[in-house]
Amino acid sequence: MKLTHGAWLAVGLLCACQRSPTDGNGGGGPPGVAPAIRVQGNQLVDSAGRVVRLRGVNRSGTEYACAQGWGFFDGPSDSASVAAIAAWKANVVRVPLNETCWLAINGVNPAYAGANYHRAISDYVAQLNRAGMLVILELHWSAPDTVVALRQAPMPDRDHTPEFWHQVAAAYGSNTRVIFDLFNEPFPDNNSDTPEAWRCWRSGGTCSGMTYQAAGMQELVDTIRSTGATNVIMVGGVQYSATLSHWLANKPSDPRNNLAASWHIYNFSWCNAPACWDGAADTVSRQVPLVLGELGQNDRGSGFVTALMDWMDARQGGAGYLGWSWDVWGAALDLISSYDGTPTTYGQTFKTRFSR
């Protein structure tokens, strides 16, 4: 989501604790163990081939607190806060990352960057995995040249993003309970669904409407696989990941055949009606797992998110959905009113669904 909230390699050693424990069942593994995950056809499965349907939340904060220079998380990240998410029967948490904080570049506060940032993320991932939940690590904020990443960019930058993913993949490549989500919400070619947008999306380089060299999705998949990492990789479409019209035609090549499509839909976004869902999204879901990495409704209601979750559940390739967002901002899209897991009226819809 494009945030507007104003409050807005040692790496491998730091993450050695992420190595995989014993595999569990497709619903999240035995108590306290998240399942190793991979793509099989158009579904996500565990190591025994049992289908895993993702049901979870986005935990925003780690993309902006560090870059703004005041912390790692917005709200608690301790075991009690993780247990509160698990109590909803969630089996996945999406954790947004900041490129400049991870790489400790461009003058970001060193107290919240580099090894310190890596350690905070590693500790949180370990807690989530131990609580039986998968983790999606995604690049949310990035910036080219000497700029600190303080907002959503239209595309990954060739200056830093390949190195970011090289380091993240090296750190977590031994943990297939972690999924990599390449780039939060691409919007190349001035936020259009055009041949140029999709060319830029796949191949990067000089792109219409952008002042920097973009790193394309193929380059980033190649970067991750060059480290030996076998993790599932999620790739969002254009127009803030809402449009999948030419996703299959431009699908990056992956020697592991371990790609999923990421889809972000809100009641106010593109593709917010069943007629659109039945088009490209349905077609994509028949070929690869389709994950609603962000799902939301900003009128404090439930009809929209309920309808789209029903639509996803009715499809073999509907691999799951994650509500936006597990944060207490006093905003319409807060899933909770307290970090003890007390749901808002909007959040109760997700909590009830996860408990089915």
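What this report covers is the structure whose coordinates are included nearby. On a predicted model such as this, the values are computed, not experimentally measured, just so you know.

Check the secondary structure of the protein and you find twelve helices and twelve strands. Overall size of the protein, expressed as C-alpha extent along the three principal axes, is 45 × 45 × 40 Å. A burial count over the protein gives 61% of its 356 residues as buried. Carbon and sulfur atoms provide 51% of the accessible area of the protein, an area that totals close to 12,100 Å².

This brings us to the environment of Gly132. Within the fold, Gly132 resides in the loop between α5 (114–130) and β5 (134–141). Between the alpha carbons of Gly132 and Ala90 there is a distance of 8.9 Å; along the sequence they are 42 residues apart.

For the rest of this paragraph, the subject is the pairing of strand β12 (residues 318–323). Counting buried positions over the six residues of β12 gives six, a clear majority of the element. Taken together, the four bridges between strand β3 (residues 54–58) and β12 define a ladder with parallel strand orientation. For Val57, the partnering residue across the bridge sits in β12 and is Gly323. Tracing the backbone out of strand β11 (residues 290–296), into helix α11 (residues 303–313) and back to the parallel element β12 gives a crossover that is right-handed.

What follows covers the state of the cysteines. In this structure the tally under the stated criterion is three disulfides. Paired by a disulfide, Cys66 and Cys101 hold their sulfur atoms 2.1 Å apart. A torsion of 100° about the S-S bond marks the disulfide between Cys66 and Cys101 as right-handed. With a gap of 35 residues between them, Cys66 in helix α2 (residues 65–68) and Cys101 in helix α4 (residues 99–103) connect regions that are remote in the sequence. Residue classification places Cys66 among the buried positions, given a relative accessible area of 0%. On the basis of relative accessibility, which here comes to 0%, the residue Cys101 falls in the buried class. Disulfide partner of Cys200: Cys207, at an S-S distance of 2.1 Å. With the S-S dihedral at roughly 95°, the linkage between Cys200 and Cys207 falls on the right-handed side. Given a relative accessible area of 4%, Cys207 falls into the buried group. If you count the bonded cysteines of the protein from the N-terminus, they pair up as 1-2, 3-4, 5-6.

Cut-off values and rules
Residues numbered from 1 in each chain as written. Predicted model: local features only at pLDDT ≥ 70, side-chain atom pairs only at ≥ 80, totals over all residues. Heavy atoms only, no water. Helix = DSSP H or I, 4+ residues; strand = E, 2+ residues; numbered from the N terminus. Buried < 20%, exposed > 50% of the residue type's maximum accessible area, 1.4 Å probe, protein only. Areas by Shrake-Rupley, 256 points an atom, 1.4 Å probe, with all protein chains shown as cover. Pairing = 2+ DSSP bridges. Right-handed = clockwise from strand over helix to strand, strands pointing away. Disulfide = S-S within 2.5 Å.

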